[in-house]
Structures are given as C-alpha cells and as structure tokens.
Amino acid sequence: MYKRLISIFVALGVGMSSSAFANEEGFDAYVDKLKVEAREKGISEPIIGAAFNGIKYTAHAVKADNNQPEKKLLLEQYITRAVPDWKVKQANRLYQQNKEALERIGKQYGVQPRFIVALWGVESNFGKIQGNYNVVEALATLAYDGRRETLFRKQVMAALEILQDGHITIDDMKGSWAGAMGQCQFMPTSYLTYAVDGNDDGKADIWNTKADVFASAANYLKLSGWNSEYTWGRPVKLSQVLAESYEGTETEKGKTLAEWKKLGVMNSSHGALPAADIQAWLIQPDGGEGKSYLIYENYRTLLKWNRSHYFALAVSALADRIQ
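These numbers were taken from a predicted model, which means no experiment stands behind them. (Residues numbered from 1 in each chain as written. Predicted model: local features only at pLDDT ≥ 70, side-chain atom pairs only at ≥ 80, totals over all residues. Heavy atoms only, no water.)

Asker: Let's hear about the overall build of the chain: which residues, and what values?
Answerer: Within the chain, the secondary structure is distributed over 15 helices and 7 strands. Here the chain has a C-alpha radius of gyration of 22 Å; the compact-globule value for 323 residues is 20 Å, and the two agree. Taking the principal axes of its C-alpha atoms as reference, the chain extends roughly 65 × 50 × 35 Å. When burial is assessed residue by residue, the chain has 51% of its 323 residues classed as buried. As presented, the chain carries roughly 16,300 Å² of accessible surface, and 49% of it is formed by carbon and sulfur atoms. Within the chain, the 37 negative side-chain charges are centred at a point lying 5 Å from the centre of the 38 positive side-chain charges. (Helix = DSSP H or I, 4+ residues; strand = E, 2+ residues; numbered from the N terminus. Rg over C-alpha atoms; globule rule 2.2 N^0.38 Å. Buried < 20%, exposed > 50% of the residue type's maximum accessible area, 1.4 Å probe, protein only. Areas by Shrake-Rupley, 256 points an atom, 1.4 Å probe, with all protein chains shown as cover. Lys, Arg positive; Asp, Glu negative; His and termini not counted. Charge placed at Lys NZ, Arg CZ, Asp CG, Glu CD.)

See the structure below:
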C-alpha cells in the first residue's frame, strides 16, 4: 500500500522522500529515540512532553531541503530576487530608523552596521518572514529523513535546551522549514552560542527585539573572525583565463592583492586593485563564464553563517547599497 501511495505522490509531482511514507509508526518510533536522548541530556519531562506532543512528519520540510532555489538559479537571477530595489530602499530606511542602536552595537562588536542590516534583510526581510513551522517538528522530521541526521538531531537537542532554559515557549518557537529561528534566522545551536542581550533587559529575544537581533548577529560575526577595517571583497575582471587551482576559498591563506594584480586580475571597472596588503581569494560561483570576485576574510566569515556563495554575495550586495 505504501508503495502505491508513493507512486501516486510521485506522479502528482509532490517529490516526497522514500522515508515520507515509511509509515507513521516509523516516525513515532524515531521520536521515542529522541526522547530517550533528551532525557539522557537532562531535559525535563514537562519540556519533553510539550515539545514532542502530537508532532508529525512534515513532508514539506524534506521537499524544501531537497529543492533549495540557489541550486537551480544562476547567481545574477538569485541576486535579483534576493536584493530587489524595494529591499534596498527598505534597508536604508530601517538603518536610519534604528541608527542609534545599530551604531552602538556595531562599535561594541566591531562590525559595520550595514552588514548587520543586510543580514537582517536577507535572512527574514527585516523580521517580516521568520517562518511558521513548529521548530522541533521540522528538525525531528529532517533528522528522521536521514540525509543530514547528525546535524538535525543535534539541532533538536539544542532546541529542547532553549525551551528548558525558558528563552521561549514551545507555542512561540516557530521558524523556517529547516528550524532556523527569529529575525536573524539562527539555528538552535547558533542561538545557544551567539544570541545575546542587546538592550540590557536580561533576555536574548531574537524573535521580537531588534536590539537583540542586531547584537546577536554582530556577536556571531565577531566571534567568527570579522574585521571591521575591511569590507567583504569586490567584483573583478580577469585579463586572462586562470587555472582552476586559482579559484576557491579552501586554502587557509589566499594571495595578496598585489599577487592577484600580477595574474591579470583587475577591478570590474577595469581599474587597478587597491594597494592594501590583504589576503584575497578568487571565486566564480557560476564557473568561468559567470562573474568573478576577489573575496576577503570577512566574506569567509559570512560563509560560516551560511555555506552558500549565493547567500554571502546577496548579503554583500545589499550591504554595498546601504548608505
């Protein structure tokens, strides 16, 4: 019968994973294992009961995990969608409205406020789109699906810890299909590591309090290696085709701008690169036929937030257009 159901959904284009119809009992049994692990980690019975009560396999979360847009769009298409003109205008308006808090927090953590605003805009449209999924349910589903079980199982336990510590209630713990929460879309482990109180009220409320959102984002960047003396990088032109070995961010040490200049790399306007003594890496997200960028360590810090060049370049593009 389950094979029959799977074939029907495939024919309808629903695109569900094979585990989606393993059977409801299979997911329930998996949740029981999560409960055992939670008890071993010291999560109380009331929290376990509230968090897991009535949760169900959420097929749409799995479908979304396997159908992320940056896998199907070219970079320019993605940037156009992620950073439209209306979002740029809104970013500049909100920067001015929250200028005092942003500049105070930017100075405290050593992060340019425009990058804080850009992250806020790309992640949640300035808090308007935080997701309406039950976070524990979505995370348990993705763990059960198995493609990245270790990651999502760890996130389930972190979400339970957040609940136990009283940072939010289970009814209010809503997020994206992947379990990312709040206006800065932190995964539960990121919340536990980086969320901070930005307005001295004793709470780290990334769902409703802008100062906490700004401070938490800035704290993440600071602890991940951000340097406010520099920007993220720059679009460039290549005067000659370089070997593939020159491209990528994997090497710990990049090349200086002077070294890239000798290899024929120039500003996108065909001008000379700056004379700054800074390490840079060459990236071409769409291959040699697409745009090229020299990126700095700050960009690699953005990749720690989200390991997607499309995401990091969207944040960078928006930051560059914030006055």
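Past the structure itself, the notes keep going.
Asker: Lay out the nonpolar core with the relevant residues and their values.
Answerer: Core analysis: the biggest nonpolar cluster contains 92 residues, and Phe52, Leu160, Leu163, Met173, Tyr191 and Trp305 have the highest contact counts within it. Beyond its immediate sequence surroundings of up to four residues, phenylalanine 52 is in contact with Val31, Leu34, Lys35, Val136, Val156 and Leu160. Leu257, Leu263, Ile278 and Ala280 belong to the second-largest nonpolar core, a separate cluster that totals 12 residues. (Core = buried A, V, L, I, M, F, W, Y, C linked by side-chain atoms within 4.5 Å. Contact = heavy atoms within 4.5 Å.)

Asker: Give a detailed account of empty space enclosed by the protein, specifying residues and quantitative values.
Answerer: Across all of its chains, the model carries 1 cavity of 30 Å³ or more by this definition. At the level of elements, helix 8 (113-124) and helix 12 (210-223) are the ones that each hand at least two residues to the lining of the largest cavity. By residue number, the principal contributor to the lining of the largest cavity is helix 8, which donates 4 residues. Here the residues of the lining of the largest cavity are counted per class, giving 7 nonpolar, 1 polar and 1 charged. (1 Å grid on protein atoms, 1.4 Å probe; cavity = no way out; pocket = protein on both sides within 12 Å on 5 of 7 lines; lining within 4 Å. Points joined across faces, edges and corners; volume = space filled by probe spheres on them. Nonpolar A, V, L, I, M, F, W, Y, C, P; charged D, E, K, R; others polar.)

Asker: I'd love a proper account of the packing of aromatic side chains, names of residues and values included.
Answerer: Following the criterion strictly, the structure yields 16 aromatic pairs and no others. Ring geometry for phenylalanine 115 versus tryptophan 226: centroids 4.8 Å apart, planes at 65°, classification edge-to-face. Of the two residues, phenylalanine 115 sits in helix 8 while tryptophan 226 sits in the loop between helix 12 and strand 3 (233-238), which places them 111 residues apart along the sequence. Taking the centre distance of 4.8 Å and the plane angle of 55° together, the rings of tyrosine 220 and tryptophan 305 count as tilted. Of the two residues, tyrosine 220 is situated in helix 12 and tryptophan 305 in helix 14 (residues 297-305); the sequence distance between them amounts to 85 residues. A single burial state applies to tyrosine 220 and to tryptophan 305, both of which are buried. Members of the aromatic cluster, each reached through a chain of ring pairs, are Phe27, Tyr30, Tyr57 and Tyr144. Residue placement shows arginine 300 over the ring face of tryptophan 281; its charged tip is 4.0 Å from the ring centre. (Phe/Tyr/Trp six-rings, centres within 6.5 Å; stacked < 30°, edge-to-face > 60°. Lys NZ or Arg CZ within 6 Å of the ring centre and 35° of its normal.)

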